[in-house]
Amino acid sequence: MDIDFIEVEHLKRRLKTRDKESTLHQLDDLSFLNDLELVKIIDEEIRLTVASALFVGTQDAISKYLPQAEILVLSYREGKTEYHKRLDLKLPLVRALDRIEQVFEDQNSIENIQVGLFKLEVQDYPINVFQEALLNVMTHRDYENNSSIIIKFSPSEIMIENPGSFPEGIDSKNIISHQSTPRNKLIAEIFQKLKYVQRSGQGVDIIFKDMLALGKSAPDYTLYNQAVKLILRSGLEDVEFLRFITKEEEKYGEFSVQEICILKYVKEHKKISLSKAAEVTQIHTQSVSTVLNILSQKKNILQREKRNSYMFTHRVYAEFEDQIEYIKDKDFDEIQANVMILDYLSKNNYITRQEVERLCGFSPTTSKRLLKRLRDENKIVLEGRSISSKYKLKTEAASGPN
């Protein structure tokens, strides 16, 4: 028999752990395998498929029918070009995942980063990022190619090389946003039924989002004629960006991968145009306009219409605690803010300082100074004191700003 029924039981236990509501694990072995489409029954005879060999085949069956289904795991010491540990895995896919994750966890260090009053534990590599990368390899590899999957662990990076090119229609310019059909659709569906993935698709967006949000460098994909190479780097290259994203997500919820990509670009290049935003997010201009509007509503960025670009708001620059060069044209921004405040008051009875902060994306100090200037210019008047303070248009200013 080519089926390893111990591995079948292992899959059942894994499914029971990963999905408390599933009853699939309660089925008898044959029904379980049939539901996962891991066997075919023809003329009352059980037939092994490629997928069943990969998930529940014995080691002998894998070696006999799929000798190319091998994963090499190599570990390197700092500064060494020769590996000091090697694993040759010709195992069912889930068991291979377990073995590789053991190697990963043994080498995945943690750095404590102070964020406000708390310390944040930042791993070299988020476990979900590594899992997504492995699952992508297993669902997208070319099983007709005789080369092995190669995973190299070194102190500063993980390299994963996968036999086979990108699926049709995907390249380095659309890898984040392109929804592809996996080369091995059944393998992807089985992983989904076993609750190793929550949705179909590449998972590349998760890899990019979580690496960038943790202040790491972007995943590095390289396409060759018959292989794809991914490099994940452990270095924490931008602690300030990590702190900023952590604080913002605690207050306002998670950013999308497109929002993270835009914020990272602005952090590094000070501003971003509509066309560049479309390029870095790998989506169409119309779609990226929506993303930019969302970030503007969150007061993360501010549009500078005359210059066709977006830059951080004063509030965001304050979050970075002047750790980056502040090159915004303050006069331009404050003139624009004055117009926004007066326009708001032309449609509403009053405005508070807190509302100015939200409207213009300014810090409390800057908002207070702007309101004082408008008072000195006799354009608005202050009513009330302390927390009940409200600003209204002065009668002679009611027709609009001068």
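Residues numbered from 1 in each chain as written. Predicted model: local features only at pLDDT ≥ 70, side-chain atom pairs only at ≥ 80, totals over all residues. Heavy atoms only, no water.

1. Quick look at the overall build of the protein
- Within the protein, the regular secondary structure consists of 16 helices and 14 strands.
- By the compact-globule yardstick of 21 Å for 402 residues, the protein is too spread out, its C-alpha radius of gyration being 28 Å.
- Once the C-alpha set of the protein is aligned to its principal axes, its extents read approximately 90 × 50 × 40 Å.
- Going through the 402 residues of the protein one by one, you find that 50% of them count as buried.
- Considering only contacts within the protein whose residues lie at least 6 apart along the sequence, 57% involve residues at least 24 apart.
- Taken as a whole, the protein presents about 21000 Å² of accessible surface, with 46% of it coming from carbon and sulfur.
- Distance between charge centroids for the protein: 7 Å, based on 58 positive and 62 negative side chains. (Helix = DSSP H or I, 4+ residues; strand = E, 2+ residues; numbered from the N terminus. Rg over C-alpha atoms; globule rule 2.2 N^0.38 Å. Buried < 20%, exposed > 50% of the residue type's maximum accessible area, 1.4 Å probe, protein only. Contact = heavy atoms within 4.5 Å. Areas by Shrake-Rupley, 256 points an atom, 1.4 Å probe, with all protein chains shown as cover. Lys, Arg positive; Asp, Glu negative; His and termini not counted. Charge placed at Lys NZ, Arg CZ, Asp CG, Glu CD.)

2. So, the pattern of salt bridges
- Evaluated as defined, the whole model comprises 23 salt bridges.
- With its nearest N and O atoms 3.2 Å apart, the salt bridge here joins K276 to E279. Of this pair, K276 and E279 are both found in helix 11 (residues 274–281), three residues apart, which corresponds to roughly one turn of the helix.
- One salt bridge connects D376 with K372, and the closest N-O pair in it is separated by 3.1 Å. Taken together, the positions of D376 and K372, both in helix 16 (residues 364–376) and four residues apart, correspond to about one turn of that helix.
- Note on D376: relative accessible area 53%, which makes it exposed. (Salt bridge = Lys/Arg side-chain N within 4 Å of Asp/Glu carboxyl O.)

3. Some points on helix 12 (residues 285–297)
- Taking 1.5 Å per residue as the helical rise, helix 12 with its 13 residues ought to reach 18 Å, and the 18 Å between its terminal C-alpha atoms agrees with that figure.
- The complete set of buried residues in helix 12 reads V288, V291, L292, L295 and S296. For helix 12, the buried positions fall inside an angular range of 140° around the axis, keeping them on one side. Looking at helix 12, the residues exposed on the side facing more than 90 degrees away from the buried face are Q286 and Q297.
- Taken from the residues just after helix 12, K299 is the one with a positive phi, measuring 65°. (Expected span 1.5 Å × (residues − 1). Arc of directions from axis to C-beta.)

4. Quick notes on helix 7 (residues 185–193)
- I187, A188, I190 and F191 are the residues of helix 7 that are buried. Relative to the axis of helix 7, the buried residues are bounded by an arc of 160° and lie together on one face.
- Tucked inside the fold, the buried residues of helix 7 contact helix 3 (50–56), helix 5 (93–107) and helix 6 (127–140).
- One or two residues past the end of helix 7 sits K195, with phi positive at roughly 65°.

5. With respect to the packing of helix 8 (residues 204–213) against helix 9 (residues 239–252)
- The contact between helix 8 and helix 9 brings their axes to 8 Å, and the two run at 110°. What the angle tells us is that helix 8 and helix 9 run roughly perpendicular. In contact with K209, L212 and A213 of helix 8, helix 9 contributes F241, L242, I245 and E249. (Axes fitted to C-alpha atoms, helices over the stretch in contact; angles between N-to-C directions. Parallel < 35°, antiparallel > 145°, perpendicular 65-115°, else oblique.)

6. Considerations on the packing of aromatic side chains
- For the structure on display, the rule yields eight aromatic pairs.
- Plain terms: the ring middles of F55 and F191 are 5.1 Å apart, the flat faces sit at 65° to each other, and that makes the pair edge-to-face. In this pair, F55 sits in helix 3 while F191 sits in helix 7, placing the two residues 136 residues apart along the sequence.
- Judged by relative accessible area, F191 falls into the buried class, the value being 1%.
- Consider the rings of F244 and F312, whose centres lie 6.5 Å apart with planes at 55°: the pair is tilted. Residue F244 is located in helix 9, and its partner F312 is located in strand 12 (residues 309–312); the two are separated by 68 residues in the primary sequence. One exposure class covers both F244 and F312, and it is buried.
- A network of ring pairs unites the aromatic residues F104, Y125, F130 and F153 as a single cluster.
- If you follow R18 out to its NZ or CZ, it ends over the ring of Y196, 3.8 Å from the centre. (Phe/Tyr/Trp six-rings, centres within 6.5 Å; stacked < 30°, edge-to-face > 60°. Lys NZ or Arg CZ within 6 Å of the ring centre and 35° of its normal.)

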